[in-house]
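What follows is each chain in one-letter form.
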4 protein chains.
Amino acid sequence: MLSSKKKYIVNGSSGIKAQVFYPVFPAASYTDSSDDETSPRDKQQKNSKGNSDFCVKNIKQAEFGRREIEIAEQEMPALMALRKRAQGEKPLAGAKIVLMETLGALGAQCRWAACNIYSTLNEVAAALAESGFPVFAWKGESEDDFWWCIDRCVNVEGWQPNMILDDGGDLTHWIYKKYPNMFKKIKGIVEESVTGVHRLYQLSKAGKLCVPAMNVNDSVTKQKFDNLYCCRESILDGLKRTTDMMFGGKQVVVCGYGEVGKGCCAALKAMGSIVYVTEIDPICALQACMDGFRLVKLNEVIRQVDIVITCTVLITKARLEQNFSWLEKVGKVAVFISKEASLRTPELTWERVRSQVDHVIWPDGKRIVLLAEGRLLNLSCSTVPTFVLSITATTQALALIELYNAPEGRYKQDVYLLPKKMDEYVASLHLPTFDAHLTELTDEQAKYLGLNKNGPFKPNYYRY
Amino acid sequence: MLSSKKKYIVNGSSGIKAQVFYPVFPAASYTDSSDDETSPRDKQQKNSKGNSDFCVKNIKQAEFGRREIEIAEQEMPALMALRKRAQGEKPLAGAKIVLMETLGALGAQCRWAACNIYSTLNEVAAALAESGFPVFAWKGESEDDFWWCIDRCVNVEGWQPNMILDDGGDLTHWIYKKYPNMFKKIKGIVEESVTGVHRLYQLSKAGKLCVPAMNVNDSVTKQKFDNLYCCRESILDGLKRTTDMMFGGKQVVVCGYGEVGKGCCAALKAMGSIVYVTEIDPICALQACMDGFRLVKLNEVIRQVDIVITCTVLITKARLEQNFSWLEKVGKVAVFISKEASLRTPELTWERVRSQVDHVIWPDGKRIVLLAEGRLLNLSCSTVPTFVLSITATTQALALIELYNAPEGRYKQDVYLLPKKMDEYVASLHLPTFDAHLTELTDEQAKYLGLNKNGPFKPNYYRY
Amino acid sequence: MLSSKKKYIVNGSSGIKAQVFYPVFPAASYTDSSDDETSPRDKQQKNSKGNSDFCVKNIKQAEFGRREIEIAEQEMPALMALRKRAQGEKPLAGAKIVLMETLGALGAQCRWAACNIYSTLNEVAAALAESGFPVFAWKGESEDDFWWCIDRCVNVEGWQPNMILDDGGDLTHWIYKKYPNMFKKIKGIVEESVTGVHRLYQLSKAGKLCVPAMNVNDSVTKQKFDNLYCCRESILDGLKRTTDMMFGGKQVVVCGYGEVGKGCCAALKAMGSIVYVTEIDPICALQACMDGFRLVKLNEVIRQVDIVITCTVLITKARLEQNFSWLEKVGKVAVFISKEASLRTPELTWERVRSQVDHVIWPDGKRIVLLAEGRLLNLSCSTVPTFVLSITATTQALALIELYNAPEGRYKQDVYLLPKKMDEYVASLHLPTFDAHLTELTDEQAKYLGLNKNGPFKPNYYRY
Amino acid sequence: MLSSKKKYIVNGSSGIKAQVFYPVFPAASYTDSSDDETSPRDKQQKNSKGNSDFCVKNIKQAEFGRREIEIAEQEMPALMALRKRAQGEKPLAGAKIVLMETLGALGAQCRWAACNIYSTLNEVAAALAESGFPVFAWKGESEDDFWWCIDRCVNVEGWQPNMILDDGGDLTHWIYKKYPNMFKKIKGIVEESVTGVHRLYQLSKAGKLCVPAMNVNDSVTKQKFDNLYCCRESILDGLKRTTDMMFGGKQVVVCGYGEVGKGCCAALKAMGSIVYVTEIDPICALQACMDGFRLVKLNEVIRQVDIVITCTVLITKARLEQNFSWLEKVGKVAVFISKEASLRTPELTWERVRSQVDHVIWPDGKRIVLLAEGRLLNLSCSTVPTFVLSITATTQALALIELYNAPEGRYKQDVYLLPKKMDEYVASLHLPTFDAHLTELTDEQAKYLGLNKNGPFKPNYYRY
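Residues numbered from 1 in each chain as written. Chains lettered and ligands numbered in written order. Predicted model: local features only at pLDDT ≥ 70, side-chain atom pairs only at ≥ 80, totals over all residues. Heavy atoms only, no water.

**Points about the interface of chain C and chain B**
Stage number 1. On the chain B side, the residues contacting the 66 residues of chain C number 67 residues.
Stage number 2. For the pair chain C and chain B, the summed buried area comes to about 6400 Å², and 59% of that belongs to carbon and sulfur atoms.
Stage number 3. Seen at the junction of chain C and chain B, the total is four salt bridges.
Stage number 4. Of the charged contacts, one joins Asp 435 of chain B and Arg 294 of chain C as a salt bridge, the two residues approaching to 3.1 Å between their closest N and O atoms.
Stage number 5. For the pair chain C and chain B, the interface holds 21 residue pairs in polar contact (both at pLDDT 80 or more).
Stage number 6. Counting residues per element, the ones that place at least two in the side of chain C that touches chain B are α7 (194-205), α8 (220-243), α9 (259-270), α10 (282-290), β9 (294-295), α15 (420-430) and α16 (443-449) of chain C. (Contact = heavy atoms within 4.5 Å. Buried area = accessible area lost by both parts, 1.4 Å probe. Salt bridge = Lys/Arg side-chain N within 4 Å of Asp/Glu carboxyl O. Polar contact = N/O pair within 3.5 Å; in protein donor to acceptor, adjacent residues only side chain to side chain. Helix = DSSP H or I, 4+ residues; strand = E, 2+ residues; numbered from the N terminus.)

**Considering the packing of aromatic side chains**
In this description, a pair of aromatic rings is defined by centroid distance and the angle of the planes.
All names here are of chain A.
Stage number 1. This model, assessed by the stated rule, comprises 44 aromatic pairs over all chains.
Stage number 2. An angle of 80° between the planes, with centres 5.1 Å apart, marks the rings of Phe 146 and Trp 147 as edge-to-face.
Stage number 3. Each residue in the set Phe 225, Tyr 229, Phe 387 and Phe 434 is aromatic and connected to the rest through ring pairs, giving one cluster.
Stage number 4. Its end group placed over the ring of Tyr 462, Lys 458 keeps NZ or CZ at 5.1 Å from the ring centre. (Phe/Tyr/Trp six-rings, centres within 6.5 Å; stacked < 30°, edge-to-face > 60°. Lys NZ or Arg CZ within 6 Å of the ring centre and 35° of its normal.)

**Quick look at helix α9 (residues 259-270) of chain D**
Stage number 1. A rise of 1.5 Å per residue sets the reference length of α9 of chain D, with its 12 residues, at 16 Å; its end C-alpha atoms lie 17 Å apart and thus fit the reference within 8%.
Stage number 2. Across the 12 residues of α9 of chain D, 10 count as buried, placing the element largely inside the fold.
Stage number 3. The set of residues buried in α9 of chain D consists of Glu 259, Val 260, Gly 261, Lys 262, Gly 263, Cys 264, Cys 265, Ala 267, Leu 268 and Lys 269 of chain D.
Stage number 4. Packed against the buried residues of α9 of chain D are α9 (259-270) of chain B together with α8 (220-243), β7 (251-255), β8 (274-278), α10 (282-290) and β10 (307-310) of chain D.
Stage number 5. Count one or two residues on from α9 of chain D and you reach Gly 272 of chain D, which has phi positive near 90°. (Expected span 1.5 Å × (residues − 1). Buried < 20%, exposed > 50% of the residue type's maximum accessible area, 1.4 Å probe, protein only.)

**Side note on the interface of chain D and chain A**
Stage number 1. Contacts between the two partners involve 66 residues from chain D, matched on the other side by 66 residues from chain A.
Stage number 2. Here chain D and chain A share an interface that buries about 6400 Å² over both sides, 59% of which is from carbon and sulfur atoms.
Stage number 3. For the interface between chain D and chain A, the tally reads four salt bridges.
Stage number 4. One can count 20 residue pairs in polar contact (both at pLDDT 80 or more) joining chain D with chain A.
Stage number 5. Counting residues per element, the ones that place at least two in the side of chain D that touches chain A are α7 (194-205), α8, α9, α10, β9 (294-295), α15 (420-430) and α16 (443-449) of chain D.
Stage number 6. Broken down by element, the residue count for the side of chain D that touches chain A peaks at eight residues, all from α10 of chain D.

**Section: the relation of the copies chain D and chain A**
Stage number 1. Each copy superposes on the other: chain D lies on chain A with an RMSD of 0.1 Å after a rotation of 180° and an axial shift of 0.0 Å. Here the transformation between the copies is reduced to the relation of a two-fold axis. Residue Arg 463 of chain D, judged by its C-alpha, is the member of chain D lying nearest the rotation axis, at 2.2 Å.
Stage number 2. Here 100% of the interface residues in chain D have copies in chain A that are interface residues too; the copies meet face to matching face. (Least-squares fit on C-alpha atoms with pLDDT ≥ 70 in both.)

Don't take any of this as a statement about function, it's just geometry.
Right, here's the structure in full:
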């Protein structure tokens, strides 16, 4: 129910304020047919307690949002378990909120904003604002709104965050650029996106990373759930909701065979699509071959495919234009699960046909159907399952706790992977949902294997 | 885009009026967040030409509906081809409308109503009304509205239908009950649903069928597309849109392993669910075994499954209550792809949590999440792909033409299957969409096989 | 363990002799590295009781064959059940033998021969001969041997069969041609192969069928098991044993998308092959599309595929040569699951590389790897699972009983399908193997559905 | 065609002798029905050049083995490419031989022995001996033969190996135990098995590893091909060849969900089996859940499953006995893809039913069907595809070259993973087989991504 995409700052000690950029909730239904055209920035809203430190679409939707949160509760088993084990006494309300409240229970104060202009579920944002959280997010923000929201989170009189929980790196980047001094009091960054992690490693390489950072994007559970397992479901969901197309018999090219590409390919193959793959990495390419996908270059199949799905940052505007200029078939659908491709150029005409569905028209009349304006389809046009959010949120909570409480010196100004044992812990918290029964090592077996009975069970280089 | 579920009457000769009960269009987005609470029956609406012989939610949505129709055009290749081959000169507008206009071009007049109280896409209904078609349908009709709409279609001063195109048999039933004399001038019935066909065979057995009827439900293309292939996609779509659940690891029991059950099982297995099957027919049961599903009785797994999907009319209220009374797990999701199960009993409390999502609560507090109020999930909560509609509509059009033009005596007061050659023709019209290249028999091969080069290619008993 | 391919004549009443052409048992291991080059026809062999009315490879292998039979016992549940229900007191020995003994218990006498020159398991044939059954079959018969064996079965002094159980129609054809008078006393033919059934329908059409014939090939259980489910497994087995190839990433074209083709395609897709399909029937073609296979003409892909699998009788010599003459890639593998394709022409050179693996070399040096000499791969190079044989044998036994005991006049000189209720009965006998629990209709449900509680459950036109 | 399992020592510089323990070739057909009962150790054999420094089953089979090698050639593309790129002038003979000759061309001398008592293909061993390679291996060695062969490889007058290529660690272990002084001149060990690598890490931990070792088992291509992709195919092959069972509907428990378990599960699920999984690692357990397998403890399902497959070293004798003592169903099949389980205890009776198929009988009469005597099924009862061997052999060759030529100090007395770039190189050499077209980075893209255009493309922690 809630987005896996958020940016926030968490201030982890009691009595300390926290700045939160938080969940942007993809709606159960991705279309929001509200007729209210007023920008949230121009509205004066207060929650029922009179608080106005937030900016959402419509605070009156809070009650509906609260119901959504309650639905979500049932799919967040690990966060509940985590809370119980930490002897929290309050019942868990819902996804991210649970996380927030968990952090809150530990003394954190949070502020939050969206990390994707389409991924906010207005009702849930309203519910959070109503509960007193400073939320700055609504579905359908403009680029300018987006940065305005981030700034409203960061730039608050008398409030200094000491931890950042980011998704995409935009928040981190904003602080680096506008408020570099803030880093003096920041104990660490927890980042969950590929892009954000990439930026952090670049900062680290350049010697510019000034606080420790935890790369939770590459934890196993995060990788497999946010990417492989989640995309396996959300690609179908996103395509179906926007286009109502039938998958059977469709020809599809998927650019990139990493975890996201693997998930998309598996799902579409299972639904009867014919799938082609492009890759630059020979290992992933060989995997695609063995999994039954023809490995091609984009230009070899662009004329014949019905759908183009990019799961890579590599489909730059130039390449796209080069390829799409060959288009002959009106109605080809293009989907982007990366942020890089932009078709907002002067010579291309855009025509909106449905919410999040545009025709992009070349000067010669050829056109493609572009979904989510070229932004992340899985976040914009489908719903990230609550269960996945539970995994991500649990991972983040553990990372924040680890980073915040680590003894001086354990973490330097570098990027770290989540310790494997925590990764295993997150997984084990989620097993009961499936009524899954883990086998326990006997003492004899543990000794034979040279393992601790409680893990970690695999060497660090193990690939799963 | 348009529903495969409709009831209409077609009056096939020029100059003859036709009564049409027509498409109920599942929306691209299944939620319609309009705040307008007025019943369409209480509204005075006219289309732009001043015509008011229709009843839809909001005639003002016609333009949006027209856009939807245009999107649909691209997935209706066979109807286009059919039109072209019949030298029709008008461009095809869209799905059902195409069908209507095709029939119209042949001289038919139509009136139509919905066959499912949730399956109408208001905007498209508006567009049709705007175009002058007498449409009586809106999303969210009450039971009473439903029959009112049917009656408004049938019971029209000075208008006598001579063909019925039904889906579910409610229309046929209504005429049998209220206006039996109408059958004197009716040349035939084309019926596409399991239930409707079942009713027709019962009428025939009882010697009460007074006109020839064409069972298009059991044509191969109809069976496989409306049931197997369509349900394979729509079960995922319907579950996801209503519940945002993750399929991976979920335990599901599917009641019935006919075409619909096979489609549901295949899709859920592919998405990582653990699927159990119940069956009464040993042949279908053995198929389930060979396809990798445990064959169980409902009571053996009801406690452990997360989702119950019924693809049979056999889950009667009694059986359900008997089984669900064992429920221990709040949050179990029940899905019905049949009309028979009703949980509207005095002792059960219903609580609406989202559009088409209810909690049904037993006196002892156990509850299930019921989707689409126990009605057909695939029609109510997901979208029937336009491509499937194209197949069904093409099949129906051919059946209507066959029945209407058959020489006296070819069809008696009985139920007939679509001739195999027409079935093959429908399939061949849809192959170009997939850039599929059929191999043609050489004269020598045809002779060797004892076949006509143009088909039919299989004996009547062939199962596909 | 035992072949599904056999030809026999059963003489069903006590005191009547029967001529049997019986199972040719595909070996567990398809290679038989015996060095004994003497033709079985030139050997003088007796079983331990001094009987010599048989012709097998080596009667001394009987004990090993008996062990194979005992292994088979455990996968023949329905035959066991059938026997038990018929109050048989002897324990079931094994597959076909079980069938023979079942028939024997009913008074039948049998003689048998192989129906495929590669499909005999010598050891099992020896065990049967040792038990006193007149068996004429060995692995690797020549064409001439094949007909000699059939004749030795039919042409026996003082022995007149009264029922024929055939597979492929060769036996029936032989009797028609050589001993037409035999038909005067024959009560019926039970035929299980596509080809044999095709021949029977042709005879019937031409008015030349002089006894009733039961088409068991088109019973549901037979169709799905012998074709769909069995080929799904045996295509992998046959390819692997002969070539040791890896399936992942291989490009394969499958000619024909009937049950056999569907099984092959599903298995290879699951193992990571890229599969193309050719078809002449638009309905099967559309199914291939929806199942995710590109529908092509053979010449469009012949250059790029690694493997050609024909599941149709349509790949005539001419077409093959025409296509294969384009071959550019040494090592392309050709597999035939039909009898029609012959590459035994003067201009082609054959080079044996392994048992059942030949290189067929074109004059210009291009070559293909041909498996099983172009004969049925699934029978020649793999093993038909005992479970499948159990289904086929049970079906045949029921068909023989039905035909033999039917009251005068029930069956005319025509070809009949197995009554649906028997089909369901065969299926139900096999469910316990899977610990599968069938749901039973309540009286109320049966009445609601208008069905008998014990079936048949589906109309005759139902496709499964 | 050739085994992936071998132990050899390679002496890498010109003029230096090398001791080789080499490929044991699983046969195309796993049964070898030769009647020759004489132990190879008792035979006096010479090859055609009069050389007798080898010990194989029958040197006369060399010609047949050579044909097998030629068949294999076509599936070893990368080794061919490697040879070509290294300007080798001799044609490639075949798999391992290719590797040997490649090493030979670089100056190596080799001796070899089998690493699994069942995995030798006698004919190929003969062909190698005929070519002058000192081979000590035959199918069906006893434990004593096994160590005797290893010793014959190592303990040779006047010959000192300087590199070890091991598989399983038995050879390394033997030298450690018997000839520790040999390590003084050994430059490194290349080890490819899980067990062998595990032993090396233990040695390293204990400070006893006295030379650098390269862990090629954990290279990506090795992992995925030898384990995931290969087992996906060989589990089906091994089960089918030994038991002829049908997979559809079978209930199977797979112990362990690492790469091997994942491959087995995927294949069996695809063939219609119902698969349960046991795991100790919560992360792998969660993957099993998401992939659609019920996670259980062995004792929960042991009564109901038909097949037990262990893909872990954890199923110790004690656990097995404890579990199997509950067996109620004769005919349960047990498969071990690990070396640890032993059922050779005094109270259990073994009864051979087929080659590599035994009944193991408990005192109370319960029995299981044990395959390959509890040894690695995939090596013993099926064939490792030549393509997989090509990948492994290429990887090993690169590892040997790297280790042999590395400048002093690059590698210490520790265990190393193969550098990622080599891993990618191995993959890229295999892409042409699939006609797979890799996309190349443009300069602009490479810069944007901060990557070298030629790789490595992923961070070291990437999991594929």
